[in-house]
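# Summary of the model geometry
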Amino acid sequence: MSEKVISILGSTGSIGTQALEVCQAQGFEVCGLAANRSVSKLEEQIRLFHPKKVCIYDESCYEDLKQRVADCSVEIVTGMDGLCELASMDEATTVLNSVVGMIGLQPTLAAIEAKKDLALANKETLVTGGKLVLNAAKQNNVPIYPVDSEHSAIFQSLQGNEGNKIEKILLTASGGPFYGKTREELQSVTVAQALNHPNWSMGAKITTDSATLMNKGLEFIEAMWLFDLQPDQIEIVVHRESVIHSAVEFEDHAVIAQLGAPDMKIPIQYALTYPARKPCPGKRLNIFDYPTLSFAKPDEETFRCLKACKEAIRQGGILPTVVNGANEQAVALFLDGKISFLDIGDLVWSALQSFDNLDHFTLQDILETDQKARAYIRDLV
Ligand code: MN3
């Protein structure tokens, strides 16, 4: 048996497939794989990695998958129960949660309750359930290793600084494909344009979130929970080159940053091999490819999703769940051709204004608020 045994939730997505490359390079055993509905890709992964159990989230894909892998000895489960089973397998030492969206919250909690090391790529987990998740992790003594490149950079910059106070975080943002554009110029943006990210290759939901800067808003909230920060301790810096992945300023005003090629395999691997650094299949940085690095403040009036996220976490309570749910619904409608690009930010902002806050809430409240926020957007459109 290898030193680490990994269960990967979201294995057919961008993070999941790169995580499997890392597992292969490191010789880590893979005990579980979970996908939404990419049956043929999951079949390939089953044949290559021989997991004991897999989850196909969408139940309508179950029969197809079952027939395709009838000759393999793999157990197949479905739905949210299946996803939570994959998050708490006896064999697993580590769970990588890279599912897309709010559906990642319950499997995160299941992994923590089962006392698995958690490599977390699902930012909606902390955006909606930050307090629940961190309390559960503390109670169960479970470490959370960030996979998101910015949060990994912050985590890496903090190594060797136990007990040293963070003055400020510089959270870098590529600015996405529409950096510098005005609202007028963004009126006729197409789905294809929004999905054409300059530096990072990712799935459709997160690429759209990068174009609206919602992604940076979610990361802002994620950083507050992961590193126990106040909103005014986080400065968002548009850094077009995506070479500096984020930085930490300490009380003595020393700023420690992590640099690298924009390749997710590096932060994915660090989350899986921490505290060790091992040879990685990720790209090397050639610093001479970047003779100049640029830094600017984000435009929160044009990119209202970012403003909505900052306002939601400033007020706290259940409001981050409102903006997240509203955004998930709005992005789905945009990708479906039902609303315009600018509508996303306007709808998210409108949801934030329309919901009452809740200071104390349970997992059930989070799930219900998420549904209400989605319904609110569907009713408006
Ligand atoms: Mn990121």
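What comes next concerns the included structure. Just so we're clear, the structure is a prediction, and the values are computed from it rather than from any experiment. (Residues numbered from 1 in each chain as written. Predicted model: local features only at pLDDT ≥ 70, side-chain atom pairs only at ≥ 80, totals over all residues. Heavy atoms only, no water.)

## Looking at the overall build of the protein chain
Assigned secondary structure in the protein chain consists of 16 helices and 11 strands. Here the C-alpha atoms of the protein chain give a radius of gyration of 20 Å, agreeing with the 21 Å that 2.2 N^0.38 yields for 381 residues. Within the protein chain, the proportion of its 381 residues that are buried is 55%. Counting every atom, the protein chain has about 16600 Å² of accessible surface; 48% of that belongs to carbon and sulfur. Taken together, the 34 basic and 50 acidic charged side chains of the protein chain have centroids lying 2 Å from each other. (Helix = DSSP H or I, 4+ residues; strand = E, 2+ residues; numbered from the N terminus. Rg over C-alpha atoms; globule rule 2.2 N^0.38 Å. Buried < 20%, exposed > 50% of the residue type's maximum accessible area, 1.4 Å probe, protein only. Areas by Shrake-Rupley, 256 points an atom, 1.4 Å probe, with all protein chains shown as cover. Lys, Arg positive; Asp, Glu negative; His and termini not counted. Charge placed at Lys NZ, Arg CZ, Asp CG, Glu CD.)

## A short note on helix α4 (residues 79-86)
Here α4 lies mainly inside the structure; 6 of its 8 residues are buried. Looking at α4, one finds that the buried residues are Gly 79, Met 80, Gly 82, Leu 83, Cys 84 and Leu 86.

## A short note on the coordination of the manganese ion
Those protein atoms acting as donors to the manganese ion are Asp 148 (OD), Glu 150 (OE) and Glu 219 (OE), and they sit at 2.1 to 2.2 Å. Accessibility expressed as a relative area gives 9% for Asp 148, which makes it buried. Judged by relative accessible area, Glu 219 falls into the buried class, the value being 1%. (Donors = N, O, S within 2.8 Å, 3.2 Å for Na, K, Ca; no water.)

## Brief notes about helix α13 (residues 304-315)
The end-to-end C-alpha distance of α13 is 16 Å, a good match for the 16 Å that 12 residues give at a rise of 1.5 Å each. Listed in full, the buried residues belonging to α13 are Cys 305, Leu 306, Ala 308, Cys 309, Ala 312 and Ile 313. Across the axial projection of α13, the buried residues extend over an arc of 160 degrees, all falling on one side. Buried positions along α13 lie against α10 (204-212), α11 (214-227), β9 (234-238), α14 (319-335) and α15 (341-354). Downstream of α13 by one or two residues, Gly 316 has phi in the positive range, about 70 degrees. (Expected span 1.5 Å × (residues − 1). Arc of directions from axis to C-beta. Contact = heavy atoms within 4.5 Å.)

## Quick word on the packing of helix α5 (residues 105-113) against helix α6 (residues 123-139)
For the pair α5 and α6, interaxial distance at closest approach is 10 Å and the crossing angle is 15 degrees. Judged by the angle between their axes, α5 and α6 are roughly parallel. Two packed elements cross with a definite hand, and for α5 against α6 that hand is right-handed. Residue-level inspection shows Leu 105, Thr 108, Leu 109 and Ile 112 of α5 in contact with α6, the latter providing Thr 125, Thr 128, Gly 129, Leu 132, Val 133, Ala 136 and Ala 137. Broken down by class, the residue content of the contact of α5 with α6 amounts to 7 nonpolar, 4 polar and no charged. (Axes fitted to C-alpha atoms, helices over the stretch in contact; angles between N-to-C directions. Parallel < 35°, antiparallel > 145°, perpendicular 65-115°, else oblique. Left-handed = near helix turned anticlockwise from the far one by under 90°. Nonpolar A, V, L, I, M, F, W, Y, C, P; charged D, E, K, R; others polar.)

## Re the packing of α11 against α14
Between two packed helices, both the angle of their axes relative to each other and the distance between the axes serve to describe the pair. Across the interface, α11 lies against α14 with an axial gap of 12 Å and an inter-helix angle of 155 degrees. In this view, α11 runs roughly antiparallel relative to α14, as classed from their interaxial angle. In terms of crossing hand, the pair formed by α11 and α14 is left-handed. Here Met 214, Leu 218 and Ile 221 of α11 lie close against α14, whose contacting residues are Pro 320, Val 323, Asn 324 and Asn 327. Of the residues in the contact of α11 with α14, the class split is 5 nonpolar, 2 polar and no charged.

## With respect to the state of the cysteines
A covalent bond bridging the sulfur atoms of two cysteines is what the word disulfide describes. The final tally for this structure, using the stated rule, is 0 disulfides. No disulfide involves Cys 280; its sulfur sits 12 Å from that of Cys 23, the nearest cysteine. The exposure class of Cys 280 is partly exposed, given its relative accessible area of 30%. There is no disulfide at Cys 305, and the cysteine sulfur nearest it, in Cys 309, is 6.8 Å away. What makes Cys 305 buried here is its relative accessible area of 1%. (Disulfide = S-S within 2.5 Å.)

## Details of empty space enclosed by the protein
With the rule as written, the count across this model stands at 2 cavities of 30 Å³ or more. If you add up the space inside the largest cavity, you get close to 70 Å³. Together, Arg 183, Thr 212, Thr 302, Phe 303, Arg 304, Cys 305, Phe 341, Leu 342, Ile 344 and Gly 345 line the largest cavity. Element by element, the count of residues in the lining of the largest cavity is highest for α15, at 4 residues. Classifying every residue of the lining of the largest cavity by side-chain character gives 5 nonpolar, 3 polar and 2 charged. In this model, the second largest cavity occupies a volume close to 50 Å³. Around the second largest cavity sit Ser 149, Ser 152, Gln 156, Trp 200, His 245, Gln 258, Ala 261, Asp 263, Ile 266 and Pro 267, which together line it. Elements with a minimum of two residues in the lining of the second largest cavity: α7 (149-157) and α12 (265-273). The biggest single contributor to the lining of the second largest cavity is α7, with 3 residues. Taken together, the residues that form the lining of the second largest cavity break down as 4 nonpolar, 5 polar and 1 charged. (1 Å grid on protein atoms, 1.4 Å probe; cavity = no way out; pocket = protein on both sides within 12 Å on 5 of 7 lines; lining within 4 Å. Points joined across faces, edges and corners; volume = space filled by probe spheres on them.)

Don't take any of this as a statement about function, it's just geometry.
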